[in-house]
Amino acid sequence: MGRTYVADDTVQKYLSSLHTAGGVCITGLLIGQLSLQRDYVLLSTKTPHRDSDGPGEGHSSSGLLDDADLEWATEHAKQVSQMLPGGMSVLGVFLIVPPELSKEAPSTLRRLVFAIEKHISKGRLWDLTEEDITERVTLQICSKTKKALCRSFDIKDPKSSAKPADWKYQPVSSSSWPLVTCTVALDLQISLPLKSLDDICIKEGLRSWANRIKAAVCLINGKLVADESELVPGQVRDSVGLLWFCDNVYQLILSLEDMGSSAVTQCCRSFISIRGAVHCRAYLQPNKPRAKHAVEAIRKDLMNTVSCRVNMLMEDLLMNEFNDQGVMTGVQPLPHRVFVALPASDFRLCDYVFPDESIADVAERLHEMLDSRVTEESIDSSLEPTHGTHTHTHTHTLLTIHIWYNSCYLDKNLFFICLGLLLAAGIAFLAMAASLIFITRLQ
Amino acid sequence: MVLVDDGAMILRLGGGLEFLCQLDVSDASQRQLEVSRSFADLRSRVKAESLVFSLTDSALFIWPNKSFQASLDDVDESTACGELLQSEDDDGGGKKKKKDKKSPVVNLRFMMEITEPTEPSAPCLYRENKKHHCIRMVLPMDCVVTVRSDETFGSSCKRLLRALSTQLSEMEAVTLRHMKDTDVPVPRPFHFSLPTSTELVTIVYPASVDDKGLESFRKELHNRFELPDDRPYFRRSNAFHFPDEPYKDGYLRNPHNHLNHPNIEGAKPYLVQGVYSYHHYMQDRMDDNGWGCAYRSLQTICSWFRQQGYMERTVPTHKEIQQALVDVGDKPAAFVGSRQWIGSIEVQAVLSHLLGVTSKILFVSQGSELPSQGRELANHFLTEGTPVMIGGGVLAHTILGVAWSETSGQIRFLILDPHYTGGEDLQTITDKGWCGWKGPEFWDQNAYYNLCLPQRPKAI
């Protein structure tokens with residue numbers, strides 16, 4: 001029984017708009033949602049040009065894909081997968097080939113889809129379970145006849161062979177996809193022992209935090225709901241004016257269960273603390289989503305957004321170290337999550353913005369990665385709290401970090417207090433002036 | 001012993017709190033201050049609005065610091081605690097657990113909510129590159145309050161919160177007292193039921209220090225609670241055992257608790273005090289059917305001494321018992337590994353050698369005379385309260401108590417029979433009389449009997 005892939009009409013439009021020049025192929029990603037009965041392809045985007053010394057579109061003229069192309073394509077896939085909210089993922093790849101190269105297409109597609117899956121899952125804080133769908137789609141399109149051949153592979157089995165799959169086009173509207181959102185407070189403390197490597201410790205720290213998230217209890221609308229019960233959708237309007245079907249309030253509750261019998265004392269060279277609030281967002285399958293899907297989707301999105309941001313920051317800092325800006329200490333803001341609706345669809349994707357970047361940079365990045373032009377107005381950066389302008393340097397412990405965070409709030413309040421005082425002073429002055437004039441008039 | 005009266009119940013709050021502390025490598029003087037700071041941080045955490053109590057095996061979650069928000073509609077601040085027992089029972093079709101009649105326990109766990117923070121701030125990463133000692137441990141919080149079943153849930157939760165905060169302070173005191181350089185012991189709470197108080201008393205002990213090392217601390221406690229110096233009320237193994245907690249080793253504890261007292265006019269029951277495990281034939285994959293009865297009775301007695309905190313080592317095996325007898329010169333070396341019987345004298349010798357416990361030997365020339373020992377046995381259970389080993393005829397048994405009438409002299413014996421060869425099935429053991437009340441006709445009227453009455457050591 002083959003899988004059915006339902007693709008949005010915009011995907012069809014996009015794919016037919018791609019032209020190949022000469023005997024060159026175009027690779028790209030298919031993005032959407034996996035669900036039990038069928039998979040939905042909501043978006044497609046071609047692999048961006050690689051700036052190489054080679055000819056044309058960066059593909060070698062002999063054979064379909066060399067190793068550099070493969071690496072480029074998998075890196076693109078990883079970047080794109082980081083821009084997807086929960087519930088959406090890179091479902092597979094497409095390949096537009098001229099008829100003379102169509103014989104090698106299946107094996108190329110196979111290489112590509114396995115490599116992409118491997119690269120995307122590196123550094124991920126959760127593993128695929130039996131409940132997850134492990135089929136990925138490959139779409140082979142002949143550049144001359146425009147005929148599409150759809151096959152799927154089971155990426156869990158390295159020896160799996162291509163299975164035929166159905167591919168059809170149908171308008172897909174975002175309003176039938178329930179959206180779940182919540183804001184989660186982070187509090188990770190990672191110690192780096194003397195003879196250890198930064199990235200291994202951070203990975204370990206993230207993993208143990210992720211284990212607690214996986215074990216956390218999730219309440220829906222303040223109640224513990226059975227896994228299999230159906231979700232009742234509600235409606236909410238957001239800041240950009242779009243109407244979303246949204247399930248109400250999700251609450252994650254953590255407990256510490258493993259009460260080991262010994263205290264661990266280590267001599268450490270460094271200490272990392274990650275704190276703040278992140279916004280999580282996930283789309284659920286349109287067909288009778290259940291409570292367990294919503295809980296899983298939030299958990300996964302939370303783990304993805306945190307690991308993605310921490311890794312991005314660490315890479316950025318590593319580059320700074322190489323450029324002789326010194327080893328980083330003190331407070332570094334994590335990239336901020338913004339959401340944007342692509343013109344072709346109603347679904348919102350996300351991106352991460354460093355404090356020194358602007359909204360224009362986001363638009364530029366979206367154009368490069370997703371081959372889409374977005375306006376700056378459609379980028380919503382209000383869903384997460386923004387950074388203040390504080391640059392305190394602290395040399396001490398947790399309690400002082402606490403104070404730092406508290407003083408952030410204080411300054412916001414201080415601003416309002418000052419405003420209030422000013423207003424009051426202003427009014428008092430006016431009153432005094434008025435009464436003076438009145439008095440002088442009387443006299 | 002504490003008798004929790006009708007209408008009283010215990011609310012028990014457990015959970016782990018992560019303790020994290022960074023100590024300066026060079027400056028040792030600040031260390032205690034740093035530890036105190038970390039504990040102060042934890043005390044403020046349990047006051048946070050994001051603290052959640054969850055009732056185990058139920059869908060009830062409450063936010064005690066956030067105007068008592070609850071996840072079940074029919075529960076709020078004014079709900080009586082007694083009603084919580086019903087919520088706990090709703091397991092959905094499972095077997096109804098046999099609830100202890102005396103003091104029902106409601107188990108709560110505390111957790112932290114991480115969603116919808118009250119003051120969200122932008123996510124940041126803070127890094128400090130200073131060499132330091134990092135101490136990490138999970139504090140095993142375990143607070144207990146005794147409440148009346150008509151007391152409101154709201155006020156009980158307030159008491160639990162205070163208990164949580166107090167426990168953190170006690171843990172801080174224990175940690176500071178037993179801290180060596182950068183090594184800290186895990187402070188672990190134990191609950192004790194004392195004759196001088198109706199509520200359970202919670203004491204925090206450092207995990208790394210053994211009972212001997214804590215003797216001076218226990219002396220202070222005995223003084224504080226005005227307890228006599230001859231009983232180990234505060235040893236860890238004497239901690240209160242909650243009725244709903246299973247024992248991990250699989251042996252049955254105090255099967256006699258499930259029996260009804262014999263109905264004899266004027267007779268009062270005099271029973272073993274404390275907890276013992278039932279040892280019998282064929283346990284531990286040891287086939288001692290036909291010869292091991294006295295060994296098993298001895299094991300039951302050893303289990304009593306271990307569980308009352310007088311013995312730290314495990315209950316001895318048949319071989320270890322035999323080796324002990326060889327060591328004291330009572331038996332030749334070939335005794336070890338044999339299937340030879342032992343009697344009360346050997347039991348006395350082993351108790352003395354392995355546990356340092358003295359025992360009184362009682363000799364009865366005829367089984368028919370055992371009832372006349374009623375006063376002696378009643379006295380024994382009243383003052384010592386240890387199980388008694390009796391050997392005679394060709395059998396050995398354990399006497400766990402007597403029901404004796406001072407006026408009429410009528411007597412029944414509570415017998416634990418080591419000849420049972422089946423599994424740890426409480427129903428069978430009590431129904432078929434493997435643990436049961438027997439009359440004077442139980443004994444071989446013509447055989448002579450020796451009884452070994454172990455004496456409780458006078459120690460704390």
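Let me sum up the structure you'll find in this document. (Residues numbered from 1 in each chain as written. Chains lettered and ligands numbered in written order. Predicted model: local features only at pLDDT ≥ 70, side-chain atom pairs only at ≥ 80, totals over all residues. Heavy atoms only, no water.)

Considerations on empty space enclosed by the protein
Residue and element names in this part refer to chain A. Inspection of the entire model under this criterion finds two cavities of 30 Å³ or more. Taken together, V90, G92, V93, V113, I116, E117 and R136 make up the lining of the second largest cavity. Secondary-structure elements contributing two or more residues to the lining of the second largest cavity are β4 (89-97) and α3 (105-121). Classifying every residue of the lining of the second largest cavity by side-chain character gives four nonpolar, one polar and two charged. (1 Å grid on protein atoms, 1.4 Å probe; cavity = no way out; pocket = protein on both sides within 12 Å on 5 of 7 lines; lining within 4 Å. Points joined across faces, edges and corners; volume = space filled by probe spheres on them. Helix = DSSP H or I, 4+ residues; strand = E, 2+ residues; numbered from the N terminus. Nonpolar A, V, L, I, M, F, W, Y, C, P; charged D, E, K, R; others polar.)

Some remarks on the sheet that holds strand β16 (residues 336-341) of chain A
Residues and elements named next belong to chain A. With antiparallel pairing, the three strands of this open sheet are ordered in space as β17-β16-β18. This sheet does not close on itself; its edge strands, each paired only once, are β17 (348-353) and β18 (379-380). Two elements, β16 and β18, share two bridges in a ladder whose sense is antiparallel. Bridging across to β18, F339 finds its partner in D380. (Pairing = 2+ DSSP bridges.)

Some thoughts on the interface of chain A and chain B
With 74 residues of chain A at the contact, the number on the chain B side is 54 residues. Between chain A and chain B we count two salt bridges in total. Close ionic contact of R127 of chain B with D198 of chain A constitutes a salt bridge, the shortest N to O distance being 3.0 Å. Where chain A packs against chain B, one counts 26 residue pairs in polar contact (both at pLDDT 80 or more). Residue assignment for the side of chain A that touches chain B shows that the elements contributing at least two residues are β9 (179-193), α4 (198-214), β10 (217-220), β13 (250-254), β14 (264-283), α5 (291-322), β15 (330-333) and α7 (398-442) of chain A. If one sorts the elements of the side of chain A that touches chain B by residue count, β14 of chain A sits on top with 15 residues. In terms of residue class, the side of chain A that touches chain B is built from 40 nonpolar, 24 polar and 10 charged. (Contact = heavy atoms within 4.5 Å. Salt bridge = Lys/Arg side-chain N within 4 Å of Asp/Glu carboxyl O. Polar contact = N/O pair within 3.5 Å; in protein donor to acceptor, adjacent residues only side chain to side chain.)

Regarding the packing of helix α5 (residues 293-307) of chain B against helix α6 (residues 318-327) of chain B
Residues and elements named next belong to chain B. For the pair α5 and α6, interaxial distance at closest approach is 10 Å and the crossing angle is 95°. Judged by the angle between their axes, α5 and α6 are roughly perpendicular. In contact with Y295, R296, L298 and Q299 of α5, α6 contributes H318, I321 and Q322. Split by residue class, the contact of α5 with α6 holds three nonpolar, three polar and one charged. (Axes fitted to C-alpha atoms, helices over the stretch in contact; angles between N-to-C directions. Parallel < 35°, antiparallel > 145°, perpendicular 65-115°, else oblique.)

Quick notes on the pattern of salt bridges
Opposite charge on two side chains allows them to pair when their charged atoms are near. Taken as a whole and judged by the stated rule, the model has 39 salt bridges over all chains. Linking D249 of chain B and R253 of chain B is a salt bridge whose minimum nitrogen-to-oxygen distance equals 2.9 Å. On the basis of relative accessibility, which here comes to 16%, the residue R253 of chain B falls in the buried class. In this structure, the salt-bridge partner of E320 of chain B is R313 of chain B, at a minimum N-O distance of 3.0 Å. Residue E320 of chain B is classed as partly exposed on the basis of its relative accessible area, which comes to 34%. Judged by its relative accessible area of 29%, R313 of chain B is partly exposed. Ionic contacts of the salt-bridge type, sharing partners, join the residues E131, E228, R290 and K292 of chain A into one network. (Buried < 20%, exposed > 50% of the residue type's maximum accessible area, 1.4 Å probe, protein only.)

What to know about the side chain of S378 of chain A
Residues and elements named next belong to chain A. Position of S378 relative to the elements: it lies in the loop between α6 (359-370) and β18. Of note is the side chain of S378, whose polar atom sits 2.7 Å from the backbone oxygen of T375. Not counting residues up to four positions away in its chain, the partners in contact with S378 are F339, V340 and A341.

Observations regarding unusual backbone geometry
All names here are of chain B. Residue F68 is not a glycine yet carries a positive backbone phi of 55°. Tracing the chain through its elements places F68 in the loop between β3 (61-63) and β4 (69-70). In the Ramachandran plot, D284 falls in the positive-phi region, its phi being about 55° despite a non-glycine side chain.

A closer look at helix α2 (residues 67-81) of chain A
Between its terminal C-alpha atoms α2 of chain A stretches 21 Å, which fits the 21 Å expected from 15 residues at 1.5 Å a residue. What α2 of chain A keeps buried is the set D69, L70, A73, T74, H76, A77, K78 and V80 of chain A. (Expected span 1.5 Å × (residues − 1).)

As for the packing of aromatic side chains
As enumerated under the stated definition, the model contains 22 aromatic pairs over all chains in all. Seen from their ring centres, F19 of chain B and F39 of chain B are 4.8 Å apart, and the 40° between their planes marks the pair as tilted. With F19 of chain B in strand β1 (residues 8-24) and F39 of chain B in helix α1 (residues 31-45), this residue pair connects regions lying 20 residues apart in the sequence. Taken together, a centroid distance of 5.3 Å and an interplanar angle of 45° make the contact between Y420 of chain B and W434 of chain B tilted. Here Y420 of chain B is found in the loop between β14 (411-416) and α9 (426-431), whereas its partner W434 of chain B is found in the loop between α9 and β15 (435-438), with 14 residues between them in sequence. Through pairs of rings, three or more aromatic residues link up here, namely F190, F192, Y205, F217, F225 and F234 of chain B. Geometry around W126 of chain A places R124 of chain A over its ring, the cationic atom sitting 4.1 Å from the centre. The positively charged end of R281 of chain A is found above the aromatic ring belonging to F339 of chain A, 4.7 Å away from the centroid. (Phe/Tyr/Trp six-rings, centres within 6.5 Å; stacked < 30°, edge-to-face > 60°. Lys NZ or Arg CZ within 6 Å of the ring centre and 35° of its normal.)

Some words on the environment of N257 of chain B
Residue and element names in this part refer to chain B. By the secondary structure assignment, N257 is in the loop between α4 (215-224) and β10 (268-271). Taking relative accessible area as the criterion, N257 reaches 51% and is therefore assigned exposed. In this structure, the C-alpha to C-alpha distance between N257 and T430, residues 173 residues apart in sequence, is 9.9 Å.

Notes on a negative patch on the surface
Residues D51, D356, D361, E364 and E368 of chain A make up a contiguous surface patch of negative charge. For D51 of chain A, the location among the structural elements is in the loop between β3 (39-46) and α2. (Patch = residues over 30% accessible without salt bridge, like charges linked within 9 Å, V, L, I, M, F, W, Y side chains within 5 Å. Areas by Shrake-Rupley, 256 points an atom, 1.4 Å probe, with all protein chains shown as cover. Lys, Arg positive; Asp, Glu negative; His and termini not counted. Charge placed at Lys NZ, Arg CZ, Asp CG, Glu CD.)

Details of the pairing of β14 of chain A
Within β14 of chain A, 15 of the 20 residues are buried, which leaves it mostly tucked inside the rest of the structure. Note: β14 of chain A against strand β7 (residues 132-148) of chain B, five bridges, orientation antiparallel. The residue bridging C268 of chain A from the neighbouring strand is H132 of chain B, located in β7 of chain B. Relative to strand β6 (residues 124-128) of chain B, β14 of chain A runs antiparallel, the two sharing five bridges.

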